Amino acid sequence: MADLPGKYQKLAGEYAKLKAQIPVLKKAYLDEQGEVNQLKELLKERDQTVRKYEQEVDSLTFRNQQLSKRVIVLQEEASETNGSKKKSKNKGEPTTPERSGAHNGAINVFNEELHNKIEENALLHKQLQELSAQFDAHVRDLQDQLKEAENFKGHHEEVLGSAQRRSKEVIDRLQEEKAMLEVKIQALETDLKDFRGRSDAAEQKLVTVEKCLQSRLQEARKIIEEKLPFIDTKLRDINGLNVPTHDRRHQLRAKELITQGANLVGELTMGLSNFFTYSEQRSKIYPADGVTEPLSPLNTKFCKHLHENMLYLRPVEQSLRSFLNNLKDDSLTVLETSSELQPFSENFKKMVAYINKLLPYYITSLEEENAVSSCTATLMSKNRDLLHSLKRLVLAFNKIDTYVALLAAQSIQGQGHPQSSHPKFFSGLCKSLNDLHEAVKEVSKHYNSKVSLEHQLPTATKELKRTDECVVASLISLVTNTGKMAAFMSGNLDFFCQPAGYRTRGSSINSDLGTEGPRSHPVVNSFRQRTSHFLSSIAKPIPDTVPYCVALQNRKTLYSSAESKEGLAKQLSVFQQKLTKLEQEKEHYLLELQLLKIKFENEQLKTKQLEKEVESVRGSSSGVSLAASSLEDHIEKLTLPSEASVRSDSVNSGSYLDTSMLGQLETSGTVKNDIDTREQLIINHYNVRINELTLQLQQAESKAVHFHAEVRALHKQLKIAEKAKENGQEELKIVNQSLAHLKDELQTTTRSYEGQLSMMSEHLAGMNEKLAQQKDEIDDLKQQLSQKGSSSKILKKTKK
C-alpha cells in the first residue's frame, strides 16, 4: 500500500509528459498538412502554366509553319520575277531604272523582315528551351520536397500513433488502478466505520478508566501523604544508594550493534578465505605450475597451510554468532556479563596466529618469484612494497587481537580492568581497525600494480591472469569490508564508551542548577560487579557429576574389594595369572577343536544308529520307557557338557563309565557320542560366528565403497561448483559490463532524441523558410510569365 502513491505519481508524471507532447505533435501534423495542401495547389498552378506554355509552343510552331510556307511562296514569286527579268532581257525589251530599283528595294525590305523574323524565332526557341528546362528542374525539386514532406508526415503520424497508443495504455492502466483504488477506498471506508465504532467504545472505556484512575490516584496521594515521610530520589546522596534500573534501550541498541558487527566479521572471514584460496591457486601456478616444473617443498607447505584457512576462519564467525544468538532482550549486555566473548577471543587469537604463521611463507614465495629469470627490477621493487604492506597488515591484526583479548577478559573474575579504562580499549580498537583498513588498501594497491606488471611479461598465462583478477577482487572486497568496520566502530564509539546500561532514579540533570543528577554509590557499583561475576560464573557449563547413590555404591565396592594399594596389586597379579592360564586353555581348546573335527565325520554314523535304537526302545514296554527317559536325560547332558567333562574326556576318553540304564548298550559309543555332539556344537558356533564376521566385513566393505563413491561425487560436485562459481563471476562481470553499456546507450539515445527534437524544430523552421522562398520564386516566375505573355502579344501585333 505504501508503494502505490509513488507508482501513481510516476504514472501521472509520464502521462503529463505525453499529454504535453501531444499538442506539439498535432500542431506539427496540421502544419505539415497545410504545407502539403499548399504544395498541391502550387503543383496545380504549375501544371496550368505548363499547359499554357505548351499551347504557346503549338501556336508558335503553327505560325512558323505559316511563315515557312509564306517564305516558300515568296521565294517562288521571286524566282518567277527573276525568270521574267531574264526573258525580258533576252527579248530586248527595255526596262526603266525606276521600276527595277523599286522592285529591288521591295525585295531587300522583305528579305530584312524575313531575316529579323528568323532571328526572333530562334531567340524565342532558345528562351522556350531554357524556360522548359528550368521549369522541369523546379518541378523535380518540388516533387522531391513533396516526397520528403510526405515521409516526414508519415514519420510524425507513426510517432503520434505510438504516443496515442501509449497514452491509451497508460489511461487504461490508470483506470484499472483507479477502479482498484475505489474498491480499496470502499474497503477502507468500511474499516473506518468499524474503527469509529471501536473508537467510540474505547472512548467510553477510557472515560471509565479515567474515573477509576482518578479514584486510585486520590487513594495513592492519601497514602503517600499519610505514610511516606520523604522521597529519597530528591536527595542525591540517598538516591545513590538506590538500586539502579535497567535501561532497555541500551540493551536493544547493543544487540543491534552486535548483529551488525557479526555480519561485518562474517564478511571479513569470507573475504580472507577468498584471498587465501586464490593465493593458494596462484602459488600452484606461479612461479612453478607443478606440471612442467615441480613445486618447491616450502611452496607445497604454503599451499597446505592456505588450504586449511577455514579451520581458523569459520570458528571466529561461529563463536560471534553463538554469542549473538544467546543474547536476550530482558538481560543486560555489558563487558562484565558477556562471558561468551572469550571463545570468540580465543578463536580470533588462533586466526591471528595462523596469519602470523603464513607471513614467512609469503616472504619465501616472493623471494622465489624474485629469483625467476623473467622477474624485472621494477617487479622486484613491487614485490618488496607488497611484502612491507603485508607485514603492516599482520601488525594491524595483532593489535586488534590484543584489544579483543582485553575486552573479552573483562568478564573473567580477577582479570578485569576498571570501567574508566574501557573507553580507552574501545578507542584503541577503533584506531587499530582504521590501521587495518589502511593496510588492506595498501596491500590492494601494491598487489594491483604488481599484477599489472606481471601480465605484461610473456610468461604470463591466461590461468595466471584469471587467478590474479580473482585475488584483486577479493582484496577489493576486503577493502570495502574493513572500511565498513572502521566506519561502524568510529560512528558508534560514543555508545561503546558510555557506562553500563543502568539508570539512577530521579532526574539525571538538574536543569535549574545545570549540575549532574544523582550517581550510583560506590557500594552499589561493587555489588553490581559482584552480580556480573556471579552471572558469568553461573553461565559456565556445569561439569558432569556422578549421582550420590552411585557414588556410595562405588565407595562400598571400593572399600570391600581392596582396602589398599597392596590388595589391588595382589588382585592384579592374580588376574594376570588367571589370564595366562586362560590363554593356555584357549590354545588347548584349539588343539582339541582340530582333533574333534577329524572325529566328527566318523561319529555321525554312530549317532544315526543310536537314534534308530532309541526309536525301537520307545516302541517296547514300560521298562523300556524308563530307559528312553534316561536316554533323553543322557542326550541333554551330552548337549550341554561341562568344562570338567570336556577336560576329562580330552584326557581320559577310554576310562569314561556310564551309569545309566543304557550303559549296557555301548559304553565307548556313548563317550564318542558325547564328544561328537560337543564337537558339532562348537563347529556350529564357530560357523555362525564366521558367517557373522563375513557379513560384517562385507557390510564394512560396502560402506567403505559407498563412502568412497560419495567422496568422489562430492569432489566432482565441488569442482563443478567451483567452475560454476567462476562462470557465475564471469557472467556477473559480463552482465555488469552490459549494464554499463546499456546505461551508455540509454544516455546516447536520450541525447540523440533531444538532438532529434532540436533538429526537428530546426527542420521545421528551415521548411518554413524554404516554403517562403518557394513562394517568392513562384511569384517571380509568374511575373516572368506575365512579361513573356505581354511580349508575345506585342509580337503577334507586329506580325499582324
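The model shown is predicted, which means the values in this text are computed figures rather than measured ones. (Residues numbered from 1 in each chain as written. Predicted model: local features only at pLDDT ≥ 70, side-chain atom pairs only at ≥ 80, totals over all residues. Heavy atoms only, no water.)

## Describing the overall build of the chain
From N to C terminus, the chain includes 17 helices and four strands. The contacts in the chain between residues at least 6 apart in sequence include a share of 83% that link residues at least 24 apart. (Helix = DSSP H or I, 4+ residues; strand = E, 2+ residues; numbered from the N terminus. Contact = heavy atoms within 4.5 Å.)

## Considerations on a nonpolar patch on the surface
A surface patch of nonpolar side chains, amounting to about 260 Å² of accessible area, comprises Ile-682, Tyr-686 and Ile-690. Looking at the secondary structure, you find Ile-690 in helix α17 (residues 667-799). Taking the relative accessible area as the measure of exposure, Ile-690 reaches 46% and is therefore partly exposed. (Patch = residues over 30% accessible without salt bridge, like charges linked within 9 Å, V, L, I, M, F, W, Y side chains within 5 Å. Areas by Shrake-Rupley, 256 points an atom, 1.4 Å probe, with all protein chains shown as cover. Salt bridge = Lys/Arg side-chain N within 4 Å of Asp/Glu carboxyl O. Buried < 20%, exposed > 50% of the residue type's maximum accessible area, 1.4 Å probe, protein only.)

## A few points about a negative patch on the surface
A cluster of acidic residues, Asp-141, Asp-144, Glu-148, Asp-776, Glu-777, Asp-779 and Asp-780, forms a negative patch on the protein surface. Of all the secondary structure elements, the ones that give two or more residues to the negative patch are α2 (97-227) and α17. Broken down by element, the residue count for the negative patch peaks at four residues, all from α17. Tracing the backbone shows Asp-776 in helix α17. (Lys, Arg positive; Asp, Glu negative; His and termini not counted. Charge placed at Lys NZ, Arg CZ, Asp CG, Glu CD.)

## Here's the deal with the state of the cysteines
Evaluation of the coordinates by the stated rule reveals zero disulfides. Unpaired in this structure, Cys-430 has its nearest cysteine sulfur neighbour in Cys-497, at a distance of 8.8 Å. Relative accessible area serves as the criterion here: at 6%, Cys-430 is assigned to the buried category. (Disulfide = S-S within 2.5 Å.)

## Observations regarding empty space enclosed by the protein
For the coordinates displayed, the defined rule picks out seven cavities of 30 Å³ or more. As a volume, the largest cavity reaches approximately 220 Å³. Lining the largest cavity we find 18 residues, and of these Arg-282, Tyr-362, Ser-365, Glu-369 and Tyr-447 sit closest to its centre. Where the lining of the largest cavity is concerned, the elements lending two or more residues are α4 (248-285), α5 (297-307), α7 (341-371), α8 (377-408) and α9 (422-455). In this model, the second largest cavity occupies a volume close to 130 Å³. What lines the second largest cavity is a set of 14 residues, among which Phe-275, Phe-276, Ile-355, Tyr-362 and Leu-393 lie closest to the centre. For the lining of the second largest cavity, the secondary-structure elements that each account for two or more residues are α4, α7, α8 and α10 (462-491). Looking at side-chain class alone, the lining of the second largest cavity contains 14 nonpolar, no polar and no charged residues. (1 Å grid on protein atoms, 1.4 Å probe; cavity = no way out; pocket = protein on both sides within 12 Å on 5 of 7 lines; lining within 4 Å. Points joined across faces, edges and corners; volume = space filled by probe spheres on them. Nonpolar A, V, L, I, M, F, W, Y, C, P; charged D, E, K, R; others polar.)

## Considerations on the packing of aromatic side chains
With the rule as written, the count across this model stands at 10 aromatic pairs. When the centroid spacing of 6.0 Å and the interplanar angle of 5° are considered together, the rings of Phe-302 and Tyr-361 count as stacked. Remark: Tyr-361 occurs in helix α7 and Phe-302 occurs in helix α5; sequence separation between them is 59 residues. Within the aromatic cluster, the residues linked to one another by ring pairs are Phe-275, Phe-276, Phe-302, Tyr-312, Tyr-354, Tyr-361 and Tyr-362. Its guanidinium or amino end placed over the ring of Phe-495, Arg-253 lies 6.0 Å from that ring's centre, counting from NZ or CZ. (Phe/Tyr/Trp six-rings, centres within 6.5 Å; stacked < 30°, edge-to-face > 60°. Lys NZ or Arg CZ within 6 Å of the ring centre and 35° of its normal.)

## A short note on the UniProt feature "coiled-coil region" (unreviewed entry) in the chain
Taking the UniProt record as the reference, the feature "coiled-coil region" (unreviewed entry) is found at residues 36-70, 114-205, 565-613 and 683-791. Across residues 36-70, the secondary structure splits into 100% helix and 0% strand, with the terminal C-alpha atoms separated by 50 Å. (UniProt positions renumbered as here; feature names shortened; annotations may be inferred.)

## Details of the nonpolar core
Across soluble globular proteins, nonpolar side chains have a tendency to be buried as a group. One finds Phe-276 and Phe-397 to be the most contacted residues of the largest nonpolar core, which totals 65 residues. Among the elements of the structure, α4, α5, α6 (309-325), α7, α8, α9, α10 and α11 (493-497) are those that each provide at least two residues to this core. With 12 residues, α7 is the largest single contributor of residues to this core. Once residues lying within four places of it in the same chain are set aside, the contact partners of Phe-276 are Leu-306, Asn-309, Leu-313, Tyr-354, Ile-355, Leu-358 and Tyr-362. In this structure, Leu-42, Ala-149, Leu-771 and Ile-778 belong to the second largest nonpolar core, which totals seven residues. (Core = buried A, V, L, I, M, F, W, Y, C linked by side-chain atoms within 4.5 Å.)

## Topic: the packing of α9 against α10
At a minimum axis distance of 9 Å, the contact between α9 and α10 shows a crossing angle of 160°. Here α10 runs roughly antiparallel to α9, going by the angle between their axes. Crossing geometry of α9 relative to α10 is assigned as left-handed. Class assignment for the residues of the contact of α9 with α10 results in 19 nonpolar, seven polar and four charged. (Axes fitted to C-alpha atoms, helices over the stretch in contact; angles between N-to-C directions. Parallel < 35°, antiparallel > 145°, perpendicular 65-115°, else oblique. Left-handed = near helix turned anticlockwise from the far one by under 90°.)

## Re the packing of α8 against α9
At a minimum axis distance of 8 Å, the contact between α8 and α9 shows a crossing angle of 160°. Classified by the angle between their axes, α8 and α9 sit roughly antiparallel to one another. With respect to the hand of their crossing, α8 and α9 are arranged in left-handed fashion.

## A closer look at the confidence of the model for the chain
Segments scoring low in pLDDT should not have their predicted coordinates read at a detailed level. Looking at the chain as a whole, its pLDDT mean stands at 75, while 75% of the residues score no less than 70. Ranking the helices and strands of the chain by mean pLDDT puts α10 first, with 88, and strand β3 (residues 509-510) last, with 39. Segment residues 634-671: pLDDT under 50, and 38 contacts once partners within four positions in sequence are set aside and those in other chains are kept. (pLDDT = per-residue confidence, 0-100.)

## Comments concerning the environment of Phe-600
Here Phe-600 is to be found in helix α14 (residues 565-618). The buried category is assigned to Phe-600, whose relative accessible area is 17%. A sequence separation of 76 residues divides Phe-600 from Asp-676, and the C-alpha atoms of the two residues are 5.7 Å apart.

## Topic: a positive patch on the surface
Judged by side-chain charge, Arg-712, Lys-716, Lys-719 and Lys-723 come together as a positively charged surface patch. Note on placement: Lys-719 falls in helix α17. Given the relative accessible area of 45%, Lys-719 is considered partly exposed.

## A few points about the side chain of Ser-432
Along the chain, Ser-432 falls in helix α9. Excluding anything up to four places from it in sequence, Ser-432 contacts Lys-399, Ile-400 and Tyr-403.

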